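Examination of the molecular architecture
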Amino acid sequence: MHSTEMNRWTGMPYSVRYFEILEKRKTLPVWLQKDEFLEALMANQILILVGETGSGKTTQIPQFVLEAEDLGNPPAVACTQPRRVAAMSVSRRVAEEMDVTIGEEVGYTIRFEDCSSQKTVLKYLTDGMLLREAMADPLLERYKVIILDEAHERTLATDVLFGLLKEVLRKRSDLKLVVMSATLEAEKFQDYFNGATLMKVPGRLHPVEILYTSEPEVDYLEAAIRTVVQIHMSEPPGDILLFLTGEEEIEDACRKIRKEINDLGDQFGPVKAVPLYSSLPPAMQQKIFEPAPAPLRVGGLPGRKIVVSTNIAETSLTIDGIVYVIDPGFSKQKVYNPQVRVESLLVTPISKASAHQRSGRAGRTRPGKCFRLYTEKSFSIDLEPQTYPEIQRSNLANTVLILKKLGIDDLVHFDFMDPPAPDTLIRALEVLNYLGALDDDGNLTKLGEIMSEFPLDPQMSKMLIVSPGFNCSHEILTISAMLSAPPCFNRPKDAQKAADDAKARFSHIDGDHLTLLNVYHAYKQNNEDTSWCFDNFINPRAMKTAVNVRQQLVRIMARLNLKLCSPNFNSRAYFINIRKALLSGYFMQVAHLENKGDYMTVKDNQSVHLHPSNCLDHTPEWVIYNEYVLTSRNFIRTVTDVRGEWLVDIAPHYYDLSNFPSGEAKRVLERLYAMRQREKEVGKIRNRVK
DNA sequence: GAGCACTGC
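Description of the structure in this document. Keep in mind the model is a prediction, meaning the values are calculated, not measured. (Residues numbered from 1 in each chain as written. Chains lettered and ligands numbered in written order. Predicted model: local features only at pLDDT ≥ 70, side-chain atom pairs only at ≥ 80, totals over all residues. Heavy atoms only, no water.)

Quick word on the sheet that holds strand S21 (residues 634-642)
Our working definition: Note on pairing: DSSP must find at least two bridges between two strands before they are called paired. In this text, helices come from DSSP runs of H or I with a minimum length of four residues, and strands from runs of E with a minimum of two, each type numbered from the N-terminal end. To get an axis, a line is fitted to the C-alpha atoms, and for a helix only the part in contact is used. The angle between two axes follows their N-to-C directions and goes from 0 to 180 degrees. The contact rule is simple, with two residues in contact once any of their heavy atoms fall within 4.5 Å.
Ordered by their spatial adjacency, five strands build a closed barrel running S17-S18-S19-S21-S20, and the pairing between neighbours is mixed. Along the sheet, successive strands turn relative to each other by an average axial angle of 50°, direction set aside. Judged from the two bridges that link them, strand S19 (residues 607-610) and S21 form a sheet pairing that is parallel. Across the sheet, the residue bridging to His609 is Phe635, located in S21. Relative to the sheet, helix H20 (residues 512-525) contacts strand S20 (622-630) and S21, its axis offset from that of S21 by approximately 75°.

Observations regarding the environment of Ile240
Looking at where Ile240 falls in the secondary structure, it is placed in strand S10 (residues 239-243). Taking the C-alpha atoms as reference points, Ile240 and Val307, separated by 67 residues in sequence, lie 6.1 Å from one another. Those residues in contact with Ile240, other than ones at most four positions away along the chain, are Val228, Ile231, Arg304, Lys305, Ile306, Val307, Ile322, Tyr324 and Ile326.

Notes on the protein's contact with DNA strand B
To be explicit about the condition: Whether a residue is near a molecule or strand depends on its heavy atoms: if one lies within 4 Å, it is near. Under the rule applied, a polar contact is a pair of N or O atoms within 3.5 Å (in protein, one hydrogen donor and one hydrogen acceptor; residues adjacent in sequence only if both atoms are side-chain atoms). When residues are grouped by polarity, Ala, Val, Leu, Ile, Met, Phe, Trp, Tyr, Cys and Pro land in nonpolar, Asp, Glu, Lys and Arg in charged, and all others, Gly among them, in polar.
For DNA strand B, the set of nearby residues contains 31 residues, the closest of which are Arg84, Arg132, Ser278, Lys332 and Thr631. A distance of 2.8 Å separates a base nitrogen of DNA strand B from a polar atom in the side chain of Arg491. Taken together, the elements giving at least two residues each to the surface near DNA strand B come down to helix H5 (127-136), helix H9 (247-263), strand S14 (330-337), helix H19 (496-504) and S21. In terms of residue count, H5 provides more of the surface near DNA strand B than any other element does, three residues in total. Residues belonging to the surface near DNA strand B are distributed by class as follows: ten nonpolar, ten polar and eleven charged.

Some details on the pattern of salt bridges
Which entries qualify depends on this criterion: For salt bridges, the criterion is a side-chain nitrogen of Lys or Arg within 4 Å of an Asp or Glu carboxyl oxygen. For the exposure calls, accessible area comes from a 1.4 Å probe over protein chains only, and a residue counts as buried if that area is under 20% of its type's maximum, exposed if over 50%, partly exposed in between.
Under the counting rule described, the total for this entry stands at 38 salt bridges. One salt bridge in this structure joins Lys188 and Asp418, with 2.9 Å as the shortest N-O distance. You can see Lys188 sitting in helix H7 (residues 186-192) and its partner Asp418 sitting in the loop between helix H14 (397-405) and helix H15 (422-434), a full 230 residues away along the chain. Taking the relative accessible area as the measure of exposure, Lys188 reaches 31% and is therefore partly exposed. Note on Asp418: relative accessible area 15%, which makes it buried. The residue Glu645 makes a salt bridge to Arg643 at a minimum N-O spacing of 3.4 Å.

Any functional reading would require information beyond the geometric quantities listed.
Now the structure itself:
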């Protein structure tokens, strides 16, 4: 028996700090419903809990679950988060609240860090990580209660977990599921989970007044800047958050805001316009937390901070002190076109749910205002209620591989909350079949099973797995890591020439993949030195990521007994082997140089251009490409020279001419096949003569 | 001769 003053988890007396935090915890809205929650948890296998920001659900509900008595011993509770930082910071907070050491009773697991142990009874982890765990342990037997938090965000991993857990719950009556979400789709969740019990928790936000424009705006950027200036001139003190769509637009807007407010003269307070987007260096991102500037003179008007941000401020980052939100109603969103197998980013109107989330950012510290730069009518008629879930906007090759590995054979009848387009599923199955991950009946092959172990796209896993056969797994590991990291070349607007010159020093004439290999080697040779990075216009964050990813991939290769090897650097075949290995994974991403001088993607027959960032000094007849980007033109980016003969040698099943659209590429391939045929015949005759 | 919303394994 523990006394009430003893910590149940450590057997130690509680610290003073514990009681201090406890008093604060008790003021959170969710505490009023603690008993109600525990009763509902006892009585149901599935529980939906909806609550707005500030209810305290993410930190408190998992602790309430630990108090439930029928959890078994030791109780094992998992709580998912869509983002790593959230998993980390929330678990740290909860460990403090429970008066235990992080990594012991309370821990977290994210891609590059497992901070948990045998003792861990409550673990926060990313949704993608729980999905990985499910691949090794399909019934998730180590857990008694699983909490899916931020379910309304509908990440790919959360959507897959929905369907998976629904099946697991049928097989495991001892497992419980709590789905936590913002309010808007509560009934939809309830229906999906067979009418599960729904509990609502109030949030704790200050009221936000919503203002619409009376007429539609023609130019949202101009309107946004005008609104910033108006707020600054006529509204009481308080910081401004403006949502725009991307880096360039944001930097441009910051310059214009600074200029316009400067032009107003000094009868208004000073402003600090700060950009915010994910590729911004962390030191620059920190600026959003700096206070607004001080008045220009004693007794003068107070200054104002104006944060101009992408959607990152909608979910991932919260900034206190924001009183005014300006929402032009757009964001960049990923869309997938299964016909040409291309994911691209498009500036798209946001959803009502997203508009609601944005306006909420104005009411975190005190009552605020949200200026929507569209009409009220447009809000109610034009905006979709919800953003389409990611599963309906993505290439699903990797997801289908995971589902197959999880033992889900019949994808068409898998219980998706929102099923992906049939075309997308068919495309994914086709790609996996061409790669040899699925047989012709759609069953996972041994190769497919190995591929599923890698946290990579199937094309990349395939090239890694076959790379020992080309004696170059070290090099393919490096290239895979570099392709998985953010772009490594910096090209600041004020130093473009210098940046291009620096990049040219890494160039390999056979292509960008080999250039990436050169950069990585140079980075290692210079001891991963950050100042070397700056001197060479290399992004040090990208390089650190690449090193991390590479280490993880090396561990997986070793675990799977895949050989780590390098060809002799001085051999003529060194780069040829690497290029052949690349092609073994990416034979579906090849373009052919046409007589007109432009490129045509093989089989899909899309007219494309080499992206100007490429490092080739010639236009090869055949190239493999890593990315297809739709911007001002159709570009293929990160390209490497390959030989036509390799196509027919390495991927004859894909370059099957009986099933090939006619055109220049087909005529060239016909000649290559004929050549190979003649070689075979000559070989036979020689053998006979012998 | 150009531009990368945001995550995640």
